[in-house]
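Listed here are the chains, written in short residue letters.
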Amino acid sequence: MESRFGHLAIEALFPRFCVSCKREGFLMCQTCLDYWTPVSPQASCAFCGERGSSWTCDTCRKDVYLDGLTPFVSYGNPLFRELLFSWKYHADSSVQEIFLRSLRRALPSFSFPVSFSCATYVPLHRSRERFRGFDQAFKVAQWAGELFDLPVETLAYRTQRTVAQARTKQEERHVGEMDHVFRLIDGIHVPEQILLCDDVFTSGSTMDAVARLLKQQGAKTVWGFVLAKGG
Ligand SMILES: [Zn+2]
Ligand SMILES: [Zn+2]
């Protein structure tokens, strides 16, 4: 836990500016916070980008397990990227309130083709979670749980560390390469309809590896929910 004094010292050394209007004081000022409603990306296949539906298209479906994806924003959104960066790499927890408020505001725009039994998430390796102090994918699952009224369950864990997603170029990774990275928790019951959460979707290899595990153990539908989709 960061002490109050530590927090004030950091504020003094590194004054914050609103990512939107650049006013000094907060990461996002009250005015901008009240109005930040990012445009949701157009419905498309998460893997190839084919427009028209959030379902994974028939062609991609031959190779992947994730049934579809609902992203909150596009990763190209510059405000979003600044916020995410502050959250992940500077552990700025004020970002969480900003995301949660804008997600609540966007709630009517989310629709899913099935009703889910639970929200779960793509887990971080424990060493990274300890280093960062939180698992951002778990946070997204908690928000999804609150927004869509779902229980949040931990179904899988990560067996090895991998290179941080944002630092690996999308074209250098491919679906299937992450399959050995995750395991399901021993003896866990896997529900049939699952909302799988993460912070950012890039190539989809990570999320798809977890979707595959879940489907091998009885899940019928695994649908992705992310703060942002890259590409
Ligand atoms: Zn502002
Ligand atoms: Zn596709």
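Residue positions are given per chain, counted from 1 along the sequence in the order it is written. All chains are assigned letters beginning with A, and all ligands numbers beginning with 1, in the order in which they are written. pLDDT decides what is reported in this predicted model: residues at 70 or higher carry local features, side-chain atom pairs at 80 or more are listed and counted, and totals for whole chains, interfaces and linings draw on all residues regardless.

## Observations regarding unusual backbone geometry
Then comes step 1: Of note, the phi angle at K22 is positive, near 70°, even though the residue is not glycine.
Then comes step 2: Put simply, DSSP H or I for four residues or longer makes a helix, DSSP E for two residues or longer makes a strand, and each gets a number counted from the N terminus. Position of K22 among the secondary structure elements: in the loop between α1 (4-13) and α2 (30-35).
Then comes step 3: A positive phi angle, close to 60°, is found at D149, a residue other than glycine.
Then comes step 4: Mapped onto the elements of the fold, D149 is located in the loop between α7 (136-148) and β3 (156-158).

## A word on the nonpolar core
Then comes step 1: Core analysis: the largest hydrophobic core is formed by 56 residues, its most contacted members being A144, L195, L196, C197, V210, L214 and V222.
Then comes step 2: Summarising the domain contributions, this core has at least three residues from each of domain 1 (1-35) and domain 2 (41-229).
Then comes step 3: Here, residues touch in the contact sense if the C-beta positions derived from the backbone fall within 7 Å of one another. The residues touching A144, leaving out its near neighbours within four places in the chain, are A119, L150, L195, C197 and F225. Each nonpolar core consists of buried Ala, Val, Leu, Ile, Met, Phe, Trp, Tyr and Cys residues. Their C-beta atoms, within 7 Å, join them into a set. Partly exposed residues are those whose C-beta has more than 12 but fewer than 20 other C-beta atoms within 10 Å; 20 or more makes a residue buried and 12 or fewer makes it exposed, with C-beta atoms placed from the backbone. Start and end points for every domain follow an automatic or database-based domain assignment.

## Side note on the environment of A141
Then comes step 1: Topologically, A141 is positioned in helix α7.
Then comes step 2: Residues A141 and T154, 13 residues apart in the sequence, show an inter-C-alpha distance of 9.7 Å.
Then comes step 3: The contacts of A141, once residues within four sequence positions are left out, are A119, T120, Y121, V152 and C197.

## Describing α7
Then comes step 1: Between its first and last C-alpha atoms α7 spans 18 Å; for 13 residues at 1.5 Å apiece the expected length is 18 Å, and the two agree.
Then comes step 2: Check the buried side of α7 and you find it contacts α4 (78-89), α5 (94-106), β2 (118-121), β5 (193-201) and β6 (221-229).
Then comes step 3: Positioned one or two residues after α7, D149 has a phi angle of 60°, which is positive. Take the residue count of a helix, subtract one, and multiply by 1.5 Å to get its expected span.

## Some details on the packing of α5 against α7
Then comes step 1: Two elements in contact, α5 and α7, have axes separated by 11 Å at closest approach and are oriented at 35°. When the axes of α5 and α7 are compared, the crossing they make is right-handed. Residues Q96, L100, L103 and R104 of α5 lie in contact with α7, whose contacting residues are K139, W143 and L147.
Then comes step 2: Grouping the constituent residues of the contact of α5 with α7 by class yields four nonpolar, one polar and two charged. For every element, the axis is a line fit to its C-alpha atoms; helices are fit only across the contacting stretch, and the angle between N-to-C directions ranges from 0 to 180 degrees. Crossing chirality is assigned from the near helix's rotation relative to the far helix, an anticlockwise turn below a right angle marking it left-handed and a clockwise turn marking it right-handed. Gly is put with the polar residues, along with every residue not named as nonpolar or charged; the nonpolar set is Ala, Val, Leu, Ile, Met, Phe, Trp, Tyr, Cys and Pro, and the charged set is Asp, Glu, Lys and Arg.

## Digging into the pairing of strand β1 (residues 68-74)
Then comes step 1: In terms of burial, β1 is a largely internal element, six of the seven residues being buried.
Then comes step 2: Where β1 and β6 come together, six bridges link them in parallel fashion. Looking across to β6, one finds that T70 is bridged to F225. Strand pairing requires that DSSP identify at least two bridges connecting the strands.

## A look at the environment of A209
Then comes step 1: With respect to the helices, strands and loops of the structure, A209 is situated in helix α8 (residues 205-216).
Then comes step 2: With 23 C-beta atoms counted inside 10 Å, the residue A209 sits in the buried group.
Then comes step 3: Note: C-alpha distance between A209 and V64 (145 residues apart in sequence) is 8.7 Å.

## Here's the deal with the sheet that holds β2
Then comes step 1: Read from one edge to the other, the open sheet built from four strands follows the order β1-β6-β5-β2, with strand pairing classed as parallel. With one partner strand each, in any of the chains shown, β1 and β2 form the two edges of the open sheet. Along the sheet, successive strands turn relative to each other by an average axial angle of 25°, direction set aside.
Then comes step 2: Direction of pairing for β2 relative to β5: parallel, over a ladder of four bridges. In the strand pairing of β5, A119 is matched with L195.
Then comes step 3: This element, α8, spans β5 and β6 of the sheet and lies at about 165° to β5.

## As for the confidence of the model for the protein
Then comes step 1: The predicted model of the protein averages 85 in pLDDT, with 82% of residues at 70 or higher.
Then comes step 2: Per-element confidence in the protein ranges from a low mean pLDDT of 55 for α1 to a high of 97 for β2.
Then comes step 3: Here residues 164-171 is modelled with pLDDT under 50, and outside its nearest four sequence neighbours on either side it reaches nine contacts, counting other chains as well. Scored from 0 to 100, pLDDT records how confident the predictor is in each individual residue.

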